[in-house]
Amino acid sequence: MLLYIKNKAFPEQTFVEIFTPTDSVARVRAIILHRLYEIGHSHHQFRLKYKDKYLRDGYTLEEYRILNNAVINMIPLDDLKQWNINMMLHQPEKDNSEVEDCVQQKLKIEVDYLNRRELYMSLYKVMLMMQSFFVLLGLFTNYWYFSFVYLFVLYVSLHFCPSFSRTGGWIGKSSYRRFEYIRAMAGLFLLGMIASLTVFGLSISKLNSSSYPTVACLDSTASCFLDAQTDVQIANCATKQQRCYQTSVFTSIYFGFVSFLMGLSCAITLYLFRNFQFTAGDYIEKYLTKSRDLKTLLEMVKNGSLFEKRSATFEIATMAASADDNKLEIVHENGLQVLISVALSEDATTQEYATEAIAECLTIPAIQDHFVTIGGVKSLTALLHVKNRRTFHQAITALYYITTDSDHNKMYIVDYEGLDDLLYACKYCDGEDREMLASILLELTYFEKTRSVLASMNTPIESACQLLYKCLEESGYNSTIAHILQAIELLAIESPTVILGQENLPYQLLEISSTVQDSRIWLLATKLLVCFARNTEGREKLIMSANLVDSLYNYVQNNDVLLLRTLATICLQVTTPFKHREKLMNDGMHDFVSLLQTTCNDREVWNSAERAIENLQSGKPSAEDETPKKFLVHSASSSSISSVDSNTIIISRRPAPTSRDGAASSSGYR
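Computed from a predicted model, the values in this text were never measured in an experiment.

Q: So what about the side chain of Asn547? Which residues, and what values?
A: You can see Asn547 is positioned in the loop between α25 (536-544) and α26 (548-555). A relative accessible area of 19% means that Asn547 is categorised as buried. Separated by 2.8 Å, the side chains of Asn547 and Glu511 make a polar contact. Among the polar contacts made by the side chain of Asn547, one reaches the side chain of Ser545 at a distance of 2.7 Å. The contacts of Asn547, once residues within four sequence positions are left out, are Leu510 and Glu511.

Q: I'd like a rundown of the pairing of strand β2 (residues 14-18), residues and numbers included.
A: Taking every second residue as pointing to the same face, the buried face of β2 carries Phe15 and Glu17, while none of Thr14, Val16 and Ile18 on the other face is buried. With 5 bridges connecting them, strand β1 (residues 2-7) and β2 associate as antiparallel partners. In the strand pairing of β2, Tyr4 is matched with Val16.

Q: How would you explain helix α16 (residues 389-405) if you had to name every residue and give the values?
A: Taking 1.5 Å of rise per residue, 17 residues should cover 24 Å, and α16 covers 24 Å from first to last C-alpha, within 8% of that figure. The backbone nitrogen of Arg390 has a side-chain oxygen 2.9 Å away, supplied by the residue at the start of α16, namely Asn388.

Q: I'd like a description of the environment of Tyr150, backed by residues and values.
A: For Tyr150, the position within the fold is in helix α4 (residues 146-159). Residues Tyr150 and Phe189, spaced 39 residues apart in sequence, show a C-alpha to C-alpha distance of 9.9 Å. Residues contacting Tyr150, with those up to four places away along its chain left out, are Gln131, Phe134, Val135, Tyr254, Val258, Leu261 and Met262. Separated by 2.4 Å, the side chains of Tyr150 and Gln131 make a polar contact.

Q: So, the pattern of salt bridges: which residues are in play, and what are the values?
A: One side chain can pair with another of opposite charge once the charged atoms of both are near each other. Tallying each qualifying case throughout the model produces 16 salt bridges. As a salt-bridge pair, Arg35 and Glu17 come within 2.7 Å of each other at their nearest N and O atoms. Here Arg35, found in helix α1 (residues 25-38), pairs with Glu17, found in strand β2; they are 18 residues apart in sequence, far enough to count as distant. Owing to a relative accessible area of 26%, Arg35 belongs among the partly exposed residues under this scheme. Judged by its relative accessible area of 10%, Glu17 falls in the buried class. Put simply, Asp407 and Lys410 hold a salt bridge, and the shortest N to O gap is 2.6 Å. Of this pair, Asp407 and Lys410 both sit in helix α17 (residues 407-415), 3 residues apart, which is roughly one turn of that helix. On the accessibility criterion, Lys410 (1% relative accessible area) is buried. Among the ionic contacts, a cluster of salt bridges with common partners joins Arg27, Asp282 and Glu285.

Conventions and cut-offs
Residues numbered from 1 in each chain as written. Predicted model: local features only at pLDDT ≥ 70, side-chain atom pairs only at ≥ 80, totals over all residues. Heavy atoms only, no water. Helix = DSSP H or I, 4+ residues; strand = E, 2+ residues; numbered from the N terminus. Buried < 20%, exposed > 50% of the residue type's maximum accessible area, 1.4 Å probe, protein only. Polar contact = N/O pair within 3.5 Å; in protein donor to acceptor, adjacent residues only side chain to side chain. Contact = heavy atoms within 4.5 Å. Pairing = 2+ DSSP bridges. Expected span 1.5 Å × (residues − 1). Salt bridge = Lys/Arg side-chain N within 4 Å of Asp/Glu carboxyl O.

What follows is the structure, given as structure tokens:
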């Protein structure tokens, strides 16, 4: 199958290679290394990425479901400037600091191997063409008919001979049957060598059977001497006898050379047969997929050179991803402590691999408990400040495992002052990291102890709102938006005043009706709008909003009863102040409430809409207009929001939520 490998270091060049589904990712990397070598860049510190997933060396293309004509991205792990000037294998002299690592050494061995193949293929063809001269000489031997057999062998060997070059690989249609060709040629040259040696032996035996002239020459010239009458005829017969002897000597020498050439051709053919077994990437693939002792790897991580540390941490990360037993073995050998220490190293590549290995190990809950007890959470939260996005992603992933699998471990994020780092990450994260961060915030707000800490601070709600605004600016983050709104709702349940200080939040909640098409998000957004509608200052913001009624019209498109109840509650609350009733009438609030009343059969919605219409039609000031006041009553336990009248918000006591997804739906507003 055909694969396209793109590299952002060389945006103008795309590598196009042919692979099979059973080829490993390590072989793909090895082939790419050969292509990089051709253009002067042989550094192997890069990774392959397909559909936002990094590929591991030990897995096959089939296991990753990579199909024909797929596009794979090659991500260099070094700085692009350093990547572009790296020509380590092509420089005759290197500094002491530039030491070739094992992969580069394997690459150099493969390049030499392929160079020898190209050289021997050239010599093989030259030798075949040289032997065509011996075909002509064979006509002057005693066994002249051997030349025709020799000519046939040379024609077949030259016509079907495959072509190879290190840069271009196998060339021509004959290359597809190179193994059949090389076997056939080995057999033919072996038979030719045996035949030549046989003829050579017969010729030598005839020469050694008698002194000059040989018996064969005497027999061939006997009739000539019998018929000779004159001295001239006798001289011609003697010359003929001498030529017969010379031909016998030439035949012996000729077949001796032919035997040598046949044997040499057979030897080169056998070497090429062995050489053909090797394909580019064999040595590199074997090294990349080779499993080494964990103790040796940990020792390399602690005391090895920079390249050894990179290679060792990458192999540990691969081991951790391959099996749960390997993860437990890493913990048993105190590998977590080693990985935590190198995760804070200055080398970005080593840092990324170490963080990835930690994240893989933390998929097991038992390892999570051990990890937090040795202070690993502090290291993970510190990594949220790194510029390397892959390291940042792995750190977020590890924290996600810790917070979602155990309530006990949630407190470690707060105790180790990791909360500030986590909230800092909300401002700069992107992609799938946003969803994991939103899930982490939801988990922290769901747990009562950490929720009380978050509700006592302004930073958590500010960070959550900033994360919400970023997600609303782009599409495809519905799940993330839902998690953020659930977290904000739980914070509002814990402390209703915590969201009132967010100036832009009510306007963003109104915009959700036009930017997001998700009934669950609409319900969460309208519930938060109820919080603002029941507060005097929040109500003022909603009423003064230019798109209040338009947003409510967008929300009413959904016929969900819970959503319509919250919309009716918002209408009832915003129509309570007398001083804004005229503005609301001009904005079309009366028409909207009438529509809400006529389109829903729910009694609660109808009653709230009826009261809102009465407010709009009443000319009397409300109690709030006469003596404006607002106060809050907060209970000590987890609670939900309900109202007694238009001036008071009471947090009524109820049991804590029992499920993450039910956090939003269990908090009702009446």
